[in-house]
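Secondary and tertiary structure notes
Residue-level listing of the chains:
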Amino acid sequence: MAKPTSPRSRQRRRMENFRKVRSEEAPVGSGDEGGGPGSGPFADLAPDAVHMRVKEGSKIRNLLAFATTSMAQPATRAIVFSGCGRATTKTVTCAEILKRRLAGLHQVTRLRYRSVREVWQSLQPEPTPGQKPDEPAASLSVLKNVPSLAILLSKDALDPGQPGYQPPNPYPGPSSQPTAPTTSKRSLGEPAAGEGCAKRSQPEPGAAEEDRTA
């Protein structure tokens, strides 16, 4: 008797013949964190705040290069890193590196969930029974709830009583470790420091013969 398969196993077998075409996030202003001023978990941000949308394929060095240049300007007082799904880890990395580069940044972290709609398309090139050749391939839409992370870094002081607040790092910058003292190389045949005193003095050959004759 065949063992009954679980619904998850049947769904996985169905998805083997599909490939993900695109992902559509929730529109801006629907209650989730968005990409413009006045939206998302930080509704009281200044209009000149920088918004960095971190994606799964984003390069950390490119994000930090733009963020560091923007925050170096006196007119820029705050920056927000936001990412969802697999990009949340990269979002935290960008914020932590920027805090080490720039001292005195106040941080507020917001974690929530948002809806992402994934569109999958069939991989079968031949038309299915009942499908005309000029009809598009079958598609499948999947709605998922993924974690969304937003990190605010501000030069100005923030309310320490709000949830997710972190004070500035008292020790910014990379940890400096003491360097080992360098020793100068000695030339070949030159005794090291203290080497001459450690060796036992040898008597001269002539001095021993004079002692016997005496």
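These remarks concern the structure in this document. (Residues numbered from 1 in each chain as written. Predicted model: local features only at pLDDT ≥ 70, side-chain atom pairs only at ≥ 80, totals over all residues. Heavy atoms only, no water.)

Some details on the overall build of the protein
Counting secondary structure elements, the protein contains 5 helices and 6 strands. Secondary structure elements of the protein occur, N-terminal to C-terminal, as α-β-β-α-β-α-β-β-β-α-α. A total of 214 residues make up the protein; the buried ones form 27% of that total. Of the contacts made within the protein by residues no fewer than 6 positions apart, 80% connect residues no fewer than 24 positions apart. (Helix = DSSP H or I, 4+ residues; strand = E, 2+ residues; numbered from the N terminus. Buried < 20%, exposed > 50% of the residue type's maximum accessible area, 1.4 Å probe, protein only. Contact = heavy atoms within 4.5 Å.)

Description of helix α2 (residues 60-71)
An α-helix turns once every 3.6 residues. As a result, residues three or four positions apart point the same way. With 12 residues, α2 ought to run about 16 Å at 1.5 Å a step, and its terminal C-alpha atoms sit 16 Å apart, in line with that. Along α2, the positions that sit buried rather than exposed are Leu 63, Leu 64, Ala 67, Ser 70 and Met 71. Down the axis, α2 shows its buried residues gathered within 130° of arc, on one side only. Where α2 is buried, its residues meet β2 (50-53), β3 (78-84), α3 (88-101) and β5 (139-154). (Expected span 1.5 Å × (residues − 1). Arc of directions from axis to C-beta.)

Things to note about the environment of Tyr 113
Looking at the secondary structure, you find Tyr 113 in strand β4 (residues 106-122). The class for Tyr 113 is exposed, based on a relative accessible area of 58%. Spatially, the C-alpha atom of Tyr 113 lies 5.3 Å from that of Ser 148, the residues being 35 residues apart in sequence.

Here's the deal with the nonpolar core
Core analysis: the biggest nonpolar cluster contains 17 residues, and Met 52, Ile 79, Phe 81, Leu 98 and Leu 153 have the highest contact counts within it. Elements supplying a minimum of two residues to this core: β2, α2, β3, α3 and β5. Ranked by residues supplied to this core, first place goes to α2 with 4 residues. With residues near it in sequence (within four places) discarded, Phe 81 still touches Met 52, Val 54, Ala 67, Thr 91, Cys 94, Ala 95, Leu 98, Leu 149, Ala 150, Ile 151 and Leu 153. Of all hydrophobic cores here, the second largest spans 9 residues; its members include Phe 42, Ala 49, Ala 78 and Val 80. (Core = buried A, V, L, I, M, F, W, Y, C linked by side-chain atoms within 4.5 Å.)

Side note on the pattern of salt bridges
All told, the structure shown has 4 salt bridges when counted by the stated rule. Taking the shortest distance from any N to any O, the salt bridge between Glu 56 and Arg 86 comes out at 3.5 Å. Taken together, the positions of Glu 56 in the loop between β2 and α2 and Arg 86 in the loop between β3 and α3 put the pair 30 residues apart, joining distant regions of the chain. Across the pair, Arg 86 and Glu 56 agree in class, each one exposed. In this structure, Lys 144 engages Glu 118 in a salt bridge whose closest nitrogen and oxygen atoms are separated by 3.4 Å. Residue Lys 144 is found in strand β5, and its partner Glu 118 is found in strand β4; the two are separated by 26 residues along the sequence. Here Lys 144 falls in the partly exposed class, since its relative accessible area comes to 35%. Relative accessible area serves as the criterion here: at 10%, Glu 118 is assigned to the buried category. (Salt bridge = Lys/Arg side-chain N within 4 Å of Asp/Glu carboxyl O.)

Description of the side chain of Thr 88
With respect to the secondary-structure elements, Thr 88 resides in helix α3. Contact partners of Thr 88, with chain neighbours within four places excluded, come to Gly 83, Pro 147 and Leu 149.

Details of α3
The end-to-end C-alpha separation of α3 is 20 Å, in line with the 20 Å expected for 14 residues at 1.5 Å each. Of all the residues in α3, the buried ones are Thr 88, Lys 90, Thr 91, Cys 94, Ala 95, Leu 98 and Lys 99.

What about the packing of α2 against α3?
At a minimum axis distance of 10 Å, the contact between α2 and α3 shows a crossing angle of 40°. In terms of orientation, α2 lies oblique with respect to α3. Seen along the crossing, α2 lies across α3 with a hand that is right-handed. Contacts between α2 and α3 involve Ile 60, Leu 63, Leu 64, Ala 67, Thr 68 and Met 71 on the former and, on the latter, Lys 90, Thr 93, Cys 94, Ile 97, Leu 98 and Arg 101. (Axes fitted to C-alpha atoms, helices over the stretch in contact; angles between N-to-C directions. Parallel < 35°, antiparallel > 145°, perpendicular 65-115°, else oblique. Left-handed = near helix turned anticlockwise from the far one by under 90°.)

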